[in-house]
Amino acid sequence: MTALITGASSGLGYEFAKQLSRLGYDIIAVARRKDRLEKLEAELKTKVTVICADLSKEDECRRVFEESDKFDIDIVINNAGFGLIGEFSDSELSRELEMIDVNCRAPHILTKLFVGRFMSENKGYILNICSVGGMMPGPLVSVYYATKAYLLSLTRAIGEEIRRSGKKVYIGAVCPGPVDTEFNKVAKGSSKIKSRSAENIVKYSLKMMFKRKKVIIPGFEVKFSAIAAKLLPTNLMARITYNIQKKKL
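Residues numbered from 1 in each chain as written. Predicted model: local features only at pLDDT ≥ 70, side-chain atom pairs only at ≥ 80, totals over all residues. Heavy atoms only, no water.

## Focus on the packing of aromatic side chains
Right, so step 1: Inspection of every chain in the model, using the stated rule, returns five aromatic pairs.
Right, so step 2: Judged by centre distance (5.6 Å) and plane angle (50°), the rings of Y125 and Y170 are tilted. Within this pair, whereas Y125 is found in strand β5 (residues 125-129), its partner Y170 is found in strand β6 (residues 170-174), the two being separated by 45 residues in sequence.
Right, so step 3: Residues Y125 and F210 carry aromatic rings whose centres are separated by 5.5 Å and whose planes lie at 75° to one another, so their mutual orientation is edge-to-face. Of this pair, Y125 sits in strand β5 while F210 is found in helix α7 (residues 198-210), placing the two residues 85 residues apart along the sequence.
Right, so step 4: Put simply, the rings of F65, F114 and F118 pair up and form one aromatic cluster. (Phe/Tyr/Trp six-rings, centres within 6.5 Å; stacked < 30°, edge-to-face > 60°. Helix = DSSP H or I, 4+ residues; strand = E, 2+ residues; numbered from the N terminus.)

In structure tokens form, the structure reads like this:
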């Protein structure tokens, strides 16, 4: 049994690798930081294959798929991603485009390639790490929320196509709220909002994935936010989100 995890050098990706290794899966760990991946390799008891790749580049995404072709992969976790906090008018365009590449294009490419492979094999799990933010407008985190909305919508649509095909392939989305990871540091913000541990979120996500839940929302508070996003007017949700994100600046 083998699981491929992107963004495995820290945060949720690191935790997915640890928990899947405990379940007996060999790990293909994908990230840019070789030293972090080597640290992960030393920690895990199952076999770890390290692939250093910059997923903001299409050819690197394709290389990850090609290098994994010799493995019998059962699970793909598209976890790599980052955020950016601030006014859209002030944020750096190049950084936003990089975010779109990592948060949208990379999981799109890998999902496309692995769906084709898994459909031919009639097996496999693909779990895309989205965000509850993908269910609502995100003032001050506009591009990040938009990227997660794209990935969530894509995952849901592919899931319906697979369901109708009758194939034993799973695709689902995890939509967490605040997580205790490096996210705010990378996004250049700080949060006083209560966050859940990566360990807790990953444990719940894997449990729901194996139950073939299509959209996984860890935590009561986050479920409440998802319900509010459906029921409240969009303009009101935008104002609420602005006030929440403003506290991070």
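Don't stop here, the text continues.
## Quick notes on the pattern of salt bridges
Right, so step 1: A complete count under the given rule lists 15 salt bridges for this structure.
Right, so step 2: Of the charged contacts, one joins E60 and R63 as a salt bridge, the two residues approaching to 3.0 Å between their closest N and O atoms. Residue E60 and its partner R63 are both found in helix α3 (residues 58-67); the two are separated by three residues, about one turn of the helix.
Right, so step 3: Residue classification places R63 among the partly exposed positions, given a relative accessible area of 23%.
Right, so step 4: Residues E160 and R164 are paired through a salt bridge, measuring 2.6 Å at the closest nitrogen-oxygen approach. In this pair, E160 and R164 both sit in helix α5 (residues 142-165), four residues apart, roughly one turn of the helix.
Right, so step 5: The network of salt bridges with common partners includes E58, R62, D101 and R105. (Salt bridge = Lys/Arg side-chain N within 4 Å of Asp/Glu carboxyl O. Buried < 20%, exposed > 50% of the residue type's maximum accessible area, 1.4 Å probe, protein only.)

## Considerations on the nonpolar core
Right, so step 1: Counting 47 residues, the largest nonpolar core has L4, V30, L55, V64, I73 and F114 as the members making the most contacts within it.
Right, so step 2: At the level of secondary structure, the elements contributing two or more residues to this core comprise β2 (26-31), α3, α4 (93-121), α5, β6 and α8 (220-231).
Right, so step 3: Here this core gets eight residues from one element, more than from any other, and that element is α4.
Right, so step 4: Among all residues touching L4, those that are not within four sequence positions of it are I28, V30, V64, S68, I73, I75, V76, I77 and F114.
Right, so step 5: Judged by nonpolar contacts, the second largest core, of 31 residues, contains I5, A29, A31 and I201. (Core = buried A, V, L, I, M, F, W, Y, C linked by side-chain atoms within 4.5 Å. Contact = heavy atoms within 4.5 Å.)

## A short note on α7
Each α-helix winds once per 3.6 residues, and so residues spaced three or four apart point in a common direction.
Right, so step 1: For α7, spanning 13 residues, the distance from its first C-alpha to its last is 18 Å, which sits close to the expected 18 Å at 1.5 Å a residue.
Right, so step 2: Of all the residues in α7, the buried ones are A198, I201, V202, S205, L206, M208 and M209. Summarising the axial view, the buried residues of α7 lie within an arc of 165°, below the 170-degree limit, and thus occupy one face.
Right, so step 3: Each element contacted by the buried residues of α7 is listed here: α1 (11-22), β4 (75-78), β5, β6 and β7 (215-216).
Right, so step 4: Once α7 finishes, R212 follows within two positions and takes phi at roughly 65°, a positive value. (Expected span 1.5 Å × (residues − 1). Arc of directions from axis to C-beta.)

## Here's the deal with helix α9 (residues 234-246)
Right, so step 1: The end-to-end C-alpha distance of α9, which contains 13 residues, comes to 18 Å, matching closely the 18 Å that a straight helix rising 1.5 Å per residue would cover.
Right, so step 2: By the burial criterion, the buried members of α9 are M237, A238, T241 and Q245. One face of α9 carries all of its buried residues, which in axial projection span an arc of 100°. In α9, the exposed positions that point more than 90 degrees away from the buried face belong to N235 and R239.
Right, so step 3: Packed against the buried residues of α9 are α5 and α8.

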